[in-house]
Amino acid sequence: MALRNIVTEGDPILRKQCRPVGDVTERIRMILDDMVETMREANGVGLAAPQVGIMRRLFVAEPAPERVFCFVDPEIVTMEGEQESEEGCLSVPGMAGTVRRPEKIRIRGLDRDGEMQDCSFEGFDAIVMCHEFDHLEGVLYIDKAKNIHELTEETEGK
């Protein structure tokens with residue numbers, strides 16, 4: 001496994017729609033593993049392929065320690081409810097903002113082994129999955145956020 005460089009806002013790759021992956025190959029599994037390692041090293045809870053310069057529809061998420069999800073060619077099947085929360089992003093370092101997202105979602109896509117998975121998420125987990133899915137569409141949380149502000153030592157612990 002290897003750490004990958006995280007692309008930051010201003011790089012046009014973050015604003016492009018990603019292409020489907022198709023088959024989960026050994027190379028795709030290696031990319032997913034690298035992304036998990038990179039996400040953890042950066043203290044993130046999710047990382048999408050365009051954030052490491054790869055224009056493919058895949059992301060990893062770890063909304064709670066040791067609960068890792070890998071999605072290849074994901075699609076959000078259902079969304080319900082509404083919630084607001086403060087979000088940040090590894091590609092927009094030092095900033096946060098309030099974003100409205102669905103309370104519950106169902107997402108379908110291939111897992112790390114190329115098997116179809118159909119998962120339901122709610123609360124914080126749903127926020128993480130929607131945030132990463134948006135990256136595949138070329139959308140950053142700052143496009144949807146209000147009250148965008150710089151993180152300071154006082155606000156980071158909140």
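For the structure itself, consult the block above.
From a predicted model like this one, the values you see are computed outputs, not experimental measurements.

Visitor: Looking at this structure, I do not really get the packing of aromatic side chains. What am I missing?
Guide: If you walk through the whole model with that rule in mind, you get three aromatic pairs. Ring centres of F59 and F71 lie 5.4 Å apart, and the angle between their planes is 35°; this geometry places the pair in the tilted category. Residue F59 is found in strand β2 (residues 58–64), and its partner F71 is found in strand β3 (residues 67–80); the two are separated by 12 residues along the sequence. Residues F59 and F71 agree in their burial class; the two are buried.

Visitor: Just checking my understanding: could you explain the nonpolar core for this structure?
Guide: Proteins that are soluble and globular tend to have nonpolar side chains buried together. Grouped together as the largest cluster of nonpolar side chains are 27 residues, with contacts concentrated most on F59, F71, I105, I107, F121, M129 and Y141. For this core, the secondary structure elements donating two or more residues are β2, β3, β5 (92–101), β6 (104–110), β7 (116–122) and α2 (124–136). By residue number, the principal contributor to this core is α2, which donates six residues. F121 has contacts with F69, F71, E103, K104, I105, I107, A126 and M129, leaving out every residue within four places of it along the chain.

Visitor: Sorry, what's going on with the pairing of β6 here?
Guide: Regular strands have side chains that alternate between both faces of the sheet. In the sheet, β3 pairs with β6 via six bridges, with the strands oriented antiparallel. Bridging from a neighbouring strand, I76 pairs with I107 of β6. Across seven bridges, the pairing between β6 and β7 is antiparallel. Across the sheet, the residue bridging to I107 is C119, located in β7. Counted between consecutive antiparallel strands, the loop separating β6 from β7 contains five residues, among which G114 sits at a positive phi close to 85°.

What counts as what
Residues numbered from 1 in each chain as written. Predicted model: local features only at pLDDT ≥ 70, side-chain atom pairs only at ≥ 80, totals over all residues. Heavy atoms only, no water. Phe/Tyr/Trp six-rings, centres within 6.5 Å; stacked < 30°, edge-to-face > 60°. Helix = DSSP H or I, 4+ residues; strand = E, 2+ residues; numbered from the N terminus. Buried < 20%, exposed > 50% of the residue type's maximum accessible area, 1.4 Å probe, protein only. Core = buried A, V, L, I, M, F, W, Y, C linked by side-chain atoms within 4.5 Å. Contact = heavy atoms within 4.5 Å. Pairing = 2+ DSSP bridges.

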